[in-house]
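Okay, here's what each chain looks like letter by letter:
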Protein chains: 6
Amino acid sequence: MPIVQIDMLEGRSTEQKRELAKKITEVIVETAKCQPDAVTIVIREAAKQHISKAGVLMLDK
Amino acid sequence: MPIVQIDMLEGRSTEQKRELAKKITEVIVETAKCQPDAVTIVIREAAKQHISKAGVLMLDK
Amino acid sequence: MPIVQIDMLEGRSTEQKRELAKKITEVIVETAKCQPDAVTIVIREAAKQHISKAGVLMLDK
Amino acid sequence: MPIVQIDMLEGRSTEQKRELAKKITEVIVETAKCQPDAVTIVIREAAKQHISKAGVLMLDK
Amino acid sequence: MPIVQIDMLEGRSTEQKRELAKKITEVIVETAKCQPDAVTIVIREAAKQHISKAGVLMLDK
Amino acid sequence: MPIVQIDMLEGRSTEQKRELAKKITEVIVETAKCQPDAVTIVIREAAKQHISKAGVLMLDK
């Protein structure tokens, strides 16, 4: 604990994911006062046809 | 908010996903009384070896 | 399968949840061409301090 | 999108949750290059008997 | 990793949750060949009005 | 119900997934006292660049 699940559009680089993992963990350790190795982050990428906002697929925006 | 996550077997067409997104959003807007752009839907497709019912993989059904 | 998880602000009535379950299941059965009893829906209610949009808690909006 | 779900032990203050939402959104906007209002965060608190590490409930640690 | 999330009807005892955590972790360690402390389990309990099967709330079954 | 979601590193064989599904369902049926066909398990595999522990991608460990 804490477990962080991030669902986002596919397309970010591995370097961006590295940064996300590092900085989000830092924020959680500082703010929620827990140990770094307590924090697990899972990133799930989704294609544009698998995400919708206001009933419209991102594919169609 | 609301966030809707749908885990389902892979294989539906983009047109089916388009319909799912549109109609589920309409139901939520009408029933839960929220704005369309408050509704985010994420569809995650799973292969048959990644889903089980009653302890048996869909692959083996 | 399909499994639908809905995270939304607390405060809707049981009748609204009854409607959401019924109508979302109907949409999925019609659109994704599956059996009604294949559809499981989990509704998770969240307090305003547990949801943020654009970095601001719903509590503070 | 992106949607962030955080499952963590109960007990943090509203102020901590406010900080988490603000700072995690900032990290995602900066790193994943998206708009602030695209970022939704859901925090789910769990009691100690609802989380286990290495097979042992946090309640029993 | 692995992260296990269990959504189930409320009402099980702490002893049942202790058993679930212990035995599921054992199965994963044995089968997926990972270390015990790599396995995190989150149990989320849901009220009967928050779960539906075949479009009907468990509350109404 | 219960719904079990397992997020784990990619790379396990179909046979391992078959075993996981079978044995986890058995544990839940025995411990949580529910029917086998009430138990749905979804396995989501993640690449090493999509999982972090203590702020470091598994890719970089």
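Scroll up a little and you will see the structure.
Owing to the predicted nature of the structure, the values given are computational and were not obtained by experimental measurement.

## Some remarks on the overall build of chain A
And step 1. Per the secondary structure count, chain A includes 1 helix and 4 strands.
And step 2. Ordered by position from N to C terminus, the α and β elements of chain A give β-α-β-β-β.
And step 3. Rg of the C-alpha trace for chain A: 14 Å, well past the compact-globule value of 10 Å for 61 residues, more than 25% over.
And step 4. Principal-axis analysis of the C-alpha atoms places the extent of chain A at approximately 40 × 25 × 15 Å.
And step 5. Evaluated residue by residue, chain A yields a buried proportion of 59% over its 61 residues.
And step 6. Restricting to contacts in chain A with at least 6 residues of sequence separation, those with at least 24 account for 63%.
And step 7. For chain A, the exposed area adds up to about 2400 Å²; of that, 52% sits on carbon and sulfur atoms.
And step 8. Side-chain charges of chain A comprise 10 positive and 9 negative groups, with the mean position of each set lying 4 Å from the other.

## Side note on the sheet that holds strand β1 (residues 3–9) of chain D
And step 1. Strand order in the open sheet made by the 8 strands is β4(C)-β3(C)-β2(D)-β1(D)-β1(A)-β2(A)-β3(F)-β4(F), with mixed pairing throughout. Each edge of the sheet is formed by a strand with only one pairing partner; in this case those strands are β4 (56–57) of chain C together with β4 (56–57) of chain F.
And step 2. Pairing between strand β1 (residues 3–9) of chain A and strand β2 (residues 40–46) of chain A: 7 bridges, direction parallel. Residue pairing across strands places Ile3(A) opposite Thr40(A), the latter belonging to β2(A).

## Focus: unusual backbone geometry
All names here are of chain A.
And step 1. Backbone geometry at alanine 54 places phi at a positive 55 degrees, although glycine is not the residue there.
And step 2. For alanine 54, the position within the fold is in the loop between β3 (51–53) and β4 (56–57).
And step 3. Judged by relative accessible area, alanine 54 falls into the partly exposed class, the value being 28%.

## With respect to the sheet that holds strand β2 (residues 40–46) of chain E
And step 1. Taken together, 8 strands build an open sheet; the order of strands is β4(B)-β3(B)-β2(F)-β1(F)-β1(E)-β2(E)-β3(D)-β4(D) and the sheet is mixed. Strands with a single pairing partner mark the edges of an open sheet, and in this sheet they are β4 (56–57) of chain B together with β4 (56–57) of chain D.
And step 2. In the packing of helix α1 (residues 14–32) of chain E onto the sheet, contacts are made with β3 (51–53) and β4 of chain D together with β1 (3–9) and β2 of chain E, and the angle to β2(E) comes to roughly 140 degrees.
And step 3. Contacts from helix α1 (residues 14–32) of chain F reach β3 (51–53) and β4 of chain B together with β1 (3–9) and β2 (40–46) of chain F, with the element oriented near 140 degrees to β2(F).

## Quick word on the interface of chain A and chain D
And step 1. Counting from both sides, the interface comprises 25 residues of chain A and, opposite them, 25 residues of chain D.
And step 2. Of the roughly 2200 Å² buried between chain A and chain D, counting both surfaces, carbon and sulfur atoms make up 63%.
And step 3. Ranking the residues of chain A by area buried against chain D places Met1(A), Gln5(A) and Thr31(A) at the top, with a combined share of 27%.
And step 4. Linking chain A to chain D there are 2 salt bridges.
And step 5. Across the pair Lys23(A) and Glu30(D) runs a salt bridge whose closest N-O atoms are separated by 4.0 Å.
And step 6. The set of elements that each furnish at least two residues to the side of chain A that touches chain D consists of β1, α1 (14–32) and β3 of chain A.
And step 7. Element by element, the count of residues in the side of chain A that touches chain D is highest for α1(A), at 10 residues.
And step 8. Taken together, the residues that form the side of chain A that touches chain D break down as 14 nonpolar, 3 polar and 8 charged.

## A closer look at the relation of the copies chain A and chain D
And step 1. Expressed as a screw transformation, the operator carrying chain A onto chain D has a rotation angle of 180 degrees and an axial translation of 0.0 Å, and the superposed copies differ by an RMSD of 0.0 Å. The transformation relating the two chain copies, once decomposed into turn and shift, fits a two-fold axis. Within chain A, the C-alpha atom positioned nearest to the axis of rotation is that of Gln5(A), 2.5 Å from it.
And step 2. A shared binding surface is used by both copies, with 100% of the interface residues of chain A retained as interface residues in chain D.

## Considerations on the interface of chain D and chain C
Interfaces are frequently sized by the accessible area removed from exposure as the parts join.
And step 1. Taken together, the contacts link 16 residues of chain D with 12 residues of chain C.
And step 2. Carbon and sulfur atoms supply 52% of the area that chain D and chain C bury against each other, a total of about 1200 Å² over both sides.
And step 3. When the area that chain D buries against chain C is broken down by residue, the three leading residues are Arg18(D), Ile43(D) and Arg44(D), summing to 29%.
And step 4. Here chain D is connected to chain C by 2 salt bridges.
And step 5. Residue Arg18(D) is joined to Asp60(C) by a salt bridge in which the shortest nitrogen-to-oxygen separation is 2.6 Å.
And step 6. For the interface between chain D and chain C, the tally reads 8 residue pairs in polar contact (both at pLDDT 80 or more).
And step 7. Contributing elements (two or more residues each) for the side of chain D that touches chain C: α1 (14–32) and β2 (40–46) of chain D.
And step 8. A class-by-class count of the residues in the side of chain D that touches chain C yields 6 nonpolar, 4 polar and 6 charged.
And step 9. By the bridge criterion, 3 bridges tie strand β3 (residues 51–53) of chain C to β2(D) in an arrangement that is antiparallel.

Quick notes on the rules
- Residues numbered from 1 in each chain as written.
- Chains lettered and ligands numbered in written order.
- Predicted model: local features only at pLDDT ≥ 70, side-chain atom pairs only at ≥ 80, totals over all residues.
- Heavy atoms only, no water.
- Helix = DSSP H or I, 4+ residues; strand = E, 2+ residues; numbered from the N terminus.
- Rg over C-alpha atoms; globule rule 2.2 N^0.38 Å.
- Buried < 20%, exposed > 50% of the residue type's maximum accessible area, 1.4 Å probe, protein only.
- Contact = heavy atoms within 4.5 Å.
- Areas by Shrake-Rupley, 256 points an atom, 1.4 Å probe, with all protein chains shown as cover.
- Lys, Arg positive; Asp, Glu negative; His and termini not counted.
- Charge placed at Lys NZ, Arg CZ, Asp CG, Glu CD.
- Pairing = 2+ DSSP bridges.
- Axes fitted to C-alpha atoms, helices over the stretch in contact; angles between N-to-C directions.
- Buried area = accessible area lost by both parts, 1.4 Å probe.
- Salt bridge = Lys/Arg side-chain N within 4 Å of Asp/Glu carboxyl O.
- Nonpolar A, V, L, I, M, F, W, Y, C, P; charged D, E, K, R; others polar.
- Least-squares fit on C-alpha atoms with pLDDT ≥ 70 in both.
- Polar contact = N/O pair within 3.5 Å; in protein donor to acceptor, adjacent residues only side chain to side chain.

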